[in-house]
Amino acid sequence: METVHKLYCEGTYFLSDLLIASEVFKRVHGMVQAQNQFFDANRPVDVVFGTVQRDIHDIGKSMAISIMQSVGLSVVDMGVDVSPQRFIEMIQQTGAPILCMTGLLTISYDYMKATIRLLEESGKRENTAVLIGGLVNDSVQSYVGSDYWVHDVQTACEICKAVLLQKSRKNVNIS
């Protein structure tokens, strides 16, 4: 997928190539996932992940979730066009310590910001790390109030693992 992304950025591959590669990736990942049984139904959810309201772009989200799961993260895929309220309900239901939101439309920023505001109002913000991806940068992060922003899945996985490690250290009772 990194090679496909590189070729797309260079102009050698086009959107249709990305879509085909994404479908191949999803199918192969599904076969590997079924064979290796990555998930334990009783395991706590690490990450709630979705594309924000009024945005239906899911290629990056789907690839990110597949890779996150392949490195051992337990991820709930909320899908696309997810309202701020649905994100908060899922965080409350699962107790996930990480919320990942993505969006490729500039209107996405307002929904990311609204989700974080609701997270604060629900009292869950302090215990939930928020990571955004898509068409984002430092300015967008500052506007929406997220903890992190990323453009690549490897960085997202590293951040999620670091957040989980930090939270597990806080939960250790030292006598």
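Everything that follows concerns the structure shown earlier in this document.
Since this is a predicted model, take the numbers as computed values, not measurements.

## Observations regarding helix α4 (residues 84–94)
Within α4, the full set of buried residues consists of Pro-84, Phe-87, Ile-88, Met-90 and Ile-91. Around the axis of α4, the buried residues are gathered within 160 degrees of arc, so they sit on the same side. In the core, the buried residues of α4 are packed alongside β1 (47–51), β2 (75–77), β3 (98–103) and α5 (108–121). Positive backbone phi, approximately 70 degrees, marks Gly-95, located one or two places after α4.

## Some thoughts on the pairing of strand β4 (residues 129–134)
Of all six residues that make up β4, five are buried, and the element is covered over most of its length. As paired strands, β3 and β4 are joined by six bridges and run parallel to one another. Residue pairing in the sheet places Ile-98 in a bridge with Ala-129 of β4. Taken together, β3, α5 and β4 form a β-α-β motif whose crossover is right-handed. In the sheet, β4 pairs with strand β5 (residues 148–150) via three bridges, with the strands oriented parallel. Pairing of Ile-132 across the sheet is with Trp-149, part of β5.

## Some words on the packing of α4 against α5
In the contact formed by α4 and α5, the axes pass within 9 Å of each other and the chain directions differ by 40 degrees. As summarised for this structure, α4 and α5 are arranged oblique, according to the angle between their axes. Every pair of crossing elements has a handedness; the one defined by α4 and α5 is right-handed. Across the interface between the two elements, Pro-84, Gln-85, Phe-87, Ile-88 and Ile-91 from α4 touch Tyr-111, Ala-114, Thr-115, Leu-118 and Leu-119 from α5. Looking at the contact of α4 with α5, its residues break down into eight nonpolar, two polar and no charged.

## Some details on the pattern of salt bridges
Summed over all chains, the structure comprises three salt bridges. Arg-117 serves as the salt-bridge partner of Glu-121, at 3.7 Å between the closest nitrogen and oxygen. Here Glu-121 pairs with Arg-117, and both are found in helix α5, just four residues apart, close to one helical turn. Glu-121 gets classed as exposed once you look at its relative accessible area, which sits at 57%. A salt bridge links Arg-125 to Asp-147; the shortest N-O distance between them is 2.9 Å. Of this pair, Arg-125 sits in the loop between α5 and β4 while Asp-147 is found in the loop between α6 (138–144) and β5, placing the two residues 22 residues apart along the sequence.

Conventions we followed
- Residues numbered from 1 in each chain as written.
- Predicted model: local features only at pLDDT ≥ 70, side-chain atom pairs only at ≥ 80, totals over all residues.
- Heavy atoms only, no water.
- Buried < 20%, exposed > 50% of the residue type's maximum accessible area, 1.4 Å probe, protein only.
- Helix = DSSP H or I, 4+ residues; strand = E, 2+ residues; numbered from the N terminus.
- Arc of directions from axis to C-beta.
- Contact = heavy atoms within 4.5 Å.
- Pairing = 2+ DSSP bridges.
- Right-handed = clockwise from strand over helix to strand, strands pointing away.
- Axes fitted to C-alpha atoms, helices over the stretch in contact; angles between N-to-C directions.
- Parallel < 35°, antiparallel > 145°, perpendicular 65-115°, else oblique.
- Left-handed = near helix turned anticlockwise from the far one by under 90°.
- Nonpolar A, V, L, I, M, F, W, Y, C, P; charged D, E, K, R; others polar.
- Salt bridge = Lys/Arg side-chain N within 4 Å of Asp/Glu carboxyl O.

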